[in-house]
Amino acid sequence: MGRGMSRPTILDVAERAGVSKSLVSLAIRDSPKVSDENRRRIHQAAEELGYRANAMARNLASKRSNLLGVLIADLHNPFFAEMIDGIEEFAASVDHRVLLTTGLRLPSREIAAIESLLELRVDGLVLADPQLPIGRLEDLVRTVPTVMLARATRSSHVASVVNDDHAGVEMVVNHLVELGHQRITHIDGGRRGGARRRRAGYRSAMAAHGLGEHVRIVDGDYTEDGGVAGAVELLTAGPPPTAIVAANDLAALGALNVLEDAGLSVPEDVSLVGYDNTDLAALRHISLTSVDQPRRRMGALAVQTVLDAAREGSATAQHLVLPSELVVRDSTGPPPS
């Protein structure tokens with residue numbers, strides 16, 4: 001490819017502006033070491049050459065990039081995909097673009113992903129269920145407004161937007177008890193965001209109904225494989241459940257496969273409940289009772305929260321808890337006689 005067809009580089013900008021490469025680099029980073037005259041010349045040269053003209057114009061004119069960095073824990077979970085819809089829609093309405101990445105649920109990958117977003121000078125960060133400990137996160141993001149989605153925190157620097165996981169599972173247990181169930185079990189979400197509060201909500205509701213002796217929690221996570229493992233344990237050890245409260249919709253689908261393979265019908269033999277109310281739950285052949293998290297609204301509120309903090313320079317992080325709603329479908333019914 002000839003030089004005339006190649007993208008302009010920082011060297012081309014420096015040559016056009018008559019300054020050094022290092023000075024252009026400083027100008028891009030809004031360094032106060034660059035004089036107003038040199039900043040103007042570099043800005044003009046960048047625009048003339050088409051060297052990332054829009055981003056350059058914004059970065060040289062102000063400290064705002066109009067970019068938001070978004071880290072998603074699990075791109076395979078439709079809950080997060082639907083949350084991204086809310087993030088993208090609200091960000092676009094306030095003239096911001098979203099840079100999306102994932103850490104693949106690995107702390108080391110999350111660190112690298114967050115550092116890459118910070119290098120791009122994002123105005124703020126939205127972290128959906130990150131796996132990093134809060135102390136490490138605070139160290140990483142101390143220079144930029146940050147909000148966590150679907151994971152509660154009491155951090156004074158990192159904000160959070162979550163649904164009321166505790167109350168959500170209490171509603172599930174109340175619903176199942178009203179149907180006549182006692183042997184209500186729970187496939188756990190492990191260490192993922194919200195799992196501890198869902199587990200506590202299950203225990204609390206069972207105790208409130210005098211069903212403490214029937215409390216049974218098996219290991220799982222927010223995946224189909226986690227639901228499979230949990231359901232296998234429930235069916236092969238201990239008294240069989242009449243109802244299963246899965247950690248989320250994906251885990252419920254995994255449990256559903258196990259129940260069907262065992263020749264059990266839902267809900268005639270076992271009632272099954274998920275969490276998140278993703279589009280999967282509403283599919284007619286699944287018709288899964290599930291707790292609705294207002295995921296699109298959560299995504300929009302996360303963007304609003306982080307941009308408000310960026311604009312106002314708020315020193316105290318907000319922590320928003322949104323109510324849940326139980327959506328009853330065909331996967332729950334009275335226990336077998």
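Keep in mind that what you see is a predicted model, and the values were worked out from it rather than measured. (Residues numbered from 1 in each chain as written. Predicted model: local features only at pLDDT ≥ 70, side-chain atom pairs only at ≥ 80, totals over all residues. Heavy atoms only, no water.)

J.: Can you break down the overall build of the chain residue by residue, with the values?
T.: Check the secondary structure of the chain and you find 13 helices and 12 strands. Across its three principal axes, the chain shows a C-alpha extent of roughly 85 × 45 × 30 Å. A total of 337 residues make up the chain; the buried ones form 51% of that total. The long-range fraction of contacts in the chain, counting pairs at least 24 apart against all pairs at least 6 apart in sequence, stands at 67%. (Helix = DSSP H or I, 4+ residues; strand = E, 2+ residues; numbered from the N terminus. Buried < 20%, exposed > 50% of the residue type's maximum accessible area, 1.4 Å probe, protein only. Contact = heavy atoms within 4.5 Å.)

J.: I'd like to hear about the packing of aromatic side chains, residue by residue, with values.
T.: For the structure on display, the rule yields 1 aromatic pair. With a centroid separation of 5.1 Å and an interplanar angle of 70°, the aromatic rings of phenylalanine 79 and phenylalanine 80 are classed as edge-to-face. Across the pair, exposure class does not vary: phenylalanine 79 and phenylalanine 80 are buried alike. The aromatic ring of tyrosine 275 is capped on one face by arginine 198, whose charged end is 3.8 Å from the ring centroid. (Phe/Tyr/Trp six-rings, centres within 6.5 Å; stacked < 30°, edge-to-face > 60°. Lys NZ or Arg CZ within 6 Å of the ring centre and 35° of its normal.)

J.: Provide a residue-level description of helix 1 (residues 10–17), including the pertinent values.
T.: Taken together, the buried positions of helix 1 are occupied by Ile10, Asp12, Val13, Ala14 and Ala17. On its buried face, helix 1 is in contact with helix 2 (21–28) and helix 3 (36–49). A positive backbone phi angle near 70° is found at glycine 18, which sits one or two residues after helix 1.

J.: I'd like to hear about the pairing of strand 3 (residues 124–128), residue by residue, with values.
T.: For strand 3, a buried count of 5 out of 5 residues is recorded, marking the element as mostly surrounded by other parts of the structure. Burial along strand 3 is two-sided: Gly124, Val126 and Ala128 and Leu125 and Leu127, pointing in opposite directions, are all buried. In the sheet, strand 1 (residues 67–72) pairs with strand 3 via 5 bridges, with the strands oriented parallel. Following the sheet pairing, isoleucine 72 is matched in strand 3 by alanine 128. (Pairing = 2+ DSSP bridges.)

J.: Give a description of the sheet that holds strand 11 (residues 319–322) that names residues and reports values.
T.: The strands making up a sheet are joined through hydrogen bonds of the backbone, oriented either antiparallel or parallel. A sheet is described by the order of its strands in space; here 6 strands give the open sequence 2-1-3-4-5-11, paired in parallel fashion. Bordering the open sheet on either side are strand 2 (97–102) and strand 11, each of which pairs with just one other strand. Taken pair by pair, the neighbouring strands of this sheet meet at an average axis angle of 15°, ignoring direction. Two elements, strand 3 and strand 4 (residues 146–149), share 4 bridges in a ladder whose sense is parallel. By the bridge assignment for strand 4, alanine 128 is matched with leucine 149. Across the face of the sheet, helix 13 (residues 295–312) comes into contact with strand 1, strand 3, strand 4, strand 5 (158–163) and strand 11 while running at roughly 160° to strand 5. (Axes fitted to C-alpha atoms, helices over the stretch in contact; angles between N-to-C directions.)

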